[in-house]
Amino acid sequence: MPSAAPPAASPGLLSRRLAEPAIADPAARRRRLVLASLLVVGGVLLFTSVWGWWLEHEELSRLDTPLMRWLTEHRDPLVTPVLAVITTVTAPTGMILISLATVLVSLWRSHHWWRPVLLAGSMLLAVTGIVGVKWIAERRRPPIAEMLLDPDHSSSFPSGHTLATTTFVLVLVYLLHFRPRAVAPRIPADVAAPRSPAGDAPTSPGDDAARRPATKAGSEPWRGRWWALLGALAVIAVVAFSRLYLGYHWLTDVTGAFLLALAVLGVVIGVDAWRPTARRELHPESL
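Novice: Honestly, the nonpolar core in this entry has me stumped. Any pointers?
Specialist: Taken as a class, soluble globular proteins show a tendency for nonpolar side chains to be buried jointly. One finds Phe47, Trp51, Phe157, Leu163, Leu170 and Leu265 to be the most contacted residues of the largest nonpolar core, which totals 36 residues. Broken down by secondary-structure element, the contributors of at least two residues to this core are α2 (26-56), α5 (92-109), α6 (114-137), α7 (160-178), α10 (222-245) and α11 (251-274). It is α7 that provides the largest number of residues to this core, a total of 9 residues. The contact partners of Phe157, leaving out residues within four places of it in the chain, are Phe47, Val50, Trp51, Trp54, Val133, Lys134, Ala137, Arg139, Thr252, Asp253 and Gly256.

Novice: Even after reading the chapter, I still don't get the pattern of salt bridges, so can you show me in this structure?
Specialist: It is possible for side chains bearing opposite charge to pair when their charged atoms get close. Counted according to the given criterion, the structure contains 4 salt bridges. Across the pair Asp272 and Arg32 runs a salt bridge whose closest N-O atoms are separated by 2.8 Å. Remark: Arg32 occurs in helix α2 and Asp272 occurs in helix α11; sequence separation between them is 240 residues. Considered together, Asp272 and Arg32 belong to a single accessibility category, that of buried residues. Between Arg141 and Asp152 there is a salt bridge, and its shortest N-O distance comes to 3.2 Å. Residue Arg141 is found in the loop between α6 and α7, and its partner Asp152 is found in the loop between α6 and α7; the two are separated by 11 residues along the sequence. By relative accessible area, which is 12% here, Arg141 ends up buried. On the accessibility criterion, Asp152 (23% relative accessible area) is partly exposed.

Novice: Would you mind showing me how to read α11 here?
Specialist: Given 3.6 residues per helical turn, the α-helix brings residues three or four places apart onto the same face. Between its first and last C-alpha atoms α11 spans 35 Å; for 24 residues at 1.5 Å apiece the expected length is 34 Å, and the two agree. In terms of burial, α11 is a largely internal element, 19 of the 24 residues being buried.

Novice: Explanation requested: the environment of Thr167 in the structure shown.
Specialist: Note on placement: Thr167 falls in helix α7. Along the sequence, Thr167 and Ala257 sit 90 residues apart, while their C-alpha atoms lie 9.4 Å from each other. Beyond its immediate chain neighbours, meaning those up to four positions away, Thr167 contacts Ser122, Met123, Ala126, Ala261 and Val264. For Thr167, the side chain forms a polar contact with the main-chain oxygen of Leu163, separated by 2.8 Å.

Novice: Even after reading the chapter, I still don't get the packing of α6 against α11, so can you show me in this structure?
Specialist: Packed helices, taken two at a time, are described by their axes: the angle between them and the distance between them. With their axes 10 Å apart at the nearest point, α6 and α11 run at an angle of 145° to one another. Our pair here, α6 against α11, has a crossing hand that is right-handed. Facing α6, whose interface residues are Trp114, Leu118, Ser122, Leu125 and Val133, α11 presents Leu260, Val264, Val267, Val268, Val271 and Asp272. Taken together, the residues that form the contact of α6 with α11 break down as 9 nonpolar, 1 polar and 1 charged.

Novice: What exactly am I supposed to notice about the environment of Gly270 here?
Specialist: With respect to the secondary-structure elements, Gly270 resides in helix α11. Judged by its relative accessible area of 15%, Gly270 is buried. As a C-alpha pair, Gly270 and Val34 span 236 residues in sequence and 8.4 Å in three-dimensional space. Contacts of Gly270, omitting those with residues within four sequence positions, involve Leu33 and Ala36.

Novice: Just to check I follow, could you spell out α7 for this structure?
Specialist: Taking 1.5 Å per residue as the helical rise, α7 with its 19 residues ought to reach 27 Å, and the 25 Å between its terminal C-alpha atoms agrees with that figure. Burial within α7 is extensive, with 15 of its 19 residues counted as buried.

Novice: Explanation requested: the packing of aromatic side chains in the structure shown.
Specialist: Two measures describe an aromatic ring pair: the distance that separates the ring centres and the angle between the ring planes. Within the structure shown, the criterion is met by 6 aromatic pairs. Pairing Trp54 with Phe157 gives two aromatic rings, centres 5.6 Å apart and planes at 50°, and the pair type is tilted. Linking Trp54 in helix α2 with Phe157 in the loop between α6 and α7, this pair joins segments that are 103 residues apart in sequence. For the ring pair Phe178 and Trp226, a centre distance of 5.1 Å and an interplane angle of 80° mean the geometry is edge-to-face. Linking Phe178 in helix α7 with Trp226 in helix α10, this pair joins segments that are 48 residues apart in sequence.

Analysis parameters
Residues numbered from 1 in each chain as written. Predicted model: local features only at pLDDT ≥ 70, side-chain atom pairs only at ≥ 80, totals over all residues. Heavy atoms only, no water. Core = buried A, V, L, I, M, F, W, Y, C linked by side-chain atoms within 4.5 Å. Buried < 20%, exposed > 50% of the residue type's maximum accessible area, 1.4 Å probe, protein only. Helix = DSSP H or I, 4+ residues; strand = E, 2+ residues; numbered from the N terminus. Contact = heavy atoms within 4.5 Å. Salt bridge = Lys/Arg side-chain N within 4 Å of Asp/Glu carboxyl O. Expected span 1.5 Å × (residues − 1). Polar contact = N/O pair within 3.5 Å; in protein donor to acceptor, adjacent residues only side chain to side chain. Axes fitted to C-alpha atoms, helices over the stretch in contact; angles between N-to-C directions. Left-handed = near helix turned anticlockwise from the far one by under 90°. Nonpolar A, V, L, I, M, F, W, Y, C, P; charged D, E, K, R; others polar. Phe/Tyr/Trp six-rings, centres within 6.5 Å; stacked < 30°, edge-to-face > 60°.

Structure, rendered in structure tokens:
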């Protein structure tokens with residue numbers, strides 16, 4: 001008699017945690033890949049353009065000094081301490097701690113680790129960009145006399161506060177509100193429950209679930225996700241404004257940081273759409 005086939009090896013803990021249900025809609029995956037490409041290519045091209053502007057003192061760079069002068073002349077004693085607290089919390093070190101806490105809580109509460117891993121990877125990429133670009137650019141900051149807090153002699157381009165904050169909030173909003181939700185596959189009745197000896201249709205409780213049409217998990221109204229994005233943009237604007245107001249960055253510094261963060265978001269969306277489980281439909285035996 002032929003020997004029975006050996007049982008398939010069960011996936012390890014890490015494989016199970018990182019595996020997420022596949023996105024069943026191929027069109028949704030293609031749209032995400034197109035969006036990711038636009039964000040990466042557009043963000044990098046515009047970022048390099050801003051870099052060239054301040055090197056040549058052209059285009060947007062011409063507003064750097066006039067804007068700094070205007071903000072210096074219009075500082076308010078009630079606004080200054082609020083922005084000082086905001087800029088302290090959203091420093092790259094602070095954003096690393098906030099993102100680390102968010103990732104750890106997500107790993108602890110969720111059975112799926114893919115999204116926390118994406119968030120952690122995006123922050124690692126952002127911090128690498130901050131350190132690397134600052135080391136290459138070596139742009140001088142505004143005069144120390146204009147800085148309202150401790151003097152900072154490090155490179156000015158790009159703004160580390162803006163880049164870290166923008167990456168964190170945009171990636172978080174994408175993962176929570178804009179990431180396509182998985183569609184539960186419809187399991188055939190003969191797989192969901194065994195038939196009776198007489199060949200009748202299964203009458204077990206699982207039969208109802210097998211016959212129920214597939215639905216999207218966690219669907220939310222479109223207004224909610226756009227309000228979340230609007231809130232994220234408001235946070236980014238406040239952080240960027242605080243760096244200008246307190247005298248630590250030029251306009252082109254925060255603009256370049258925002259554009260580079262868009263490229264990081266594009267990388268996250270692309271990796272999320274390109275992962276193997278995004279291209280593979282789930283089969284009943286894999287549930």
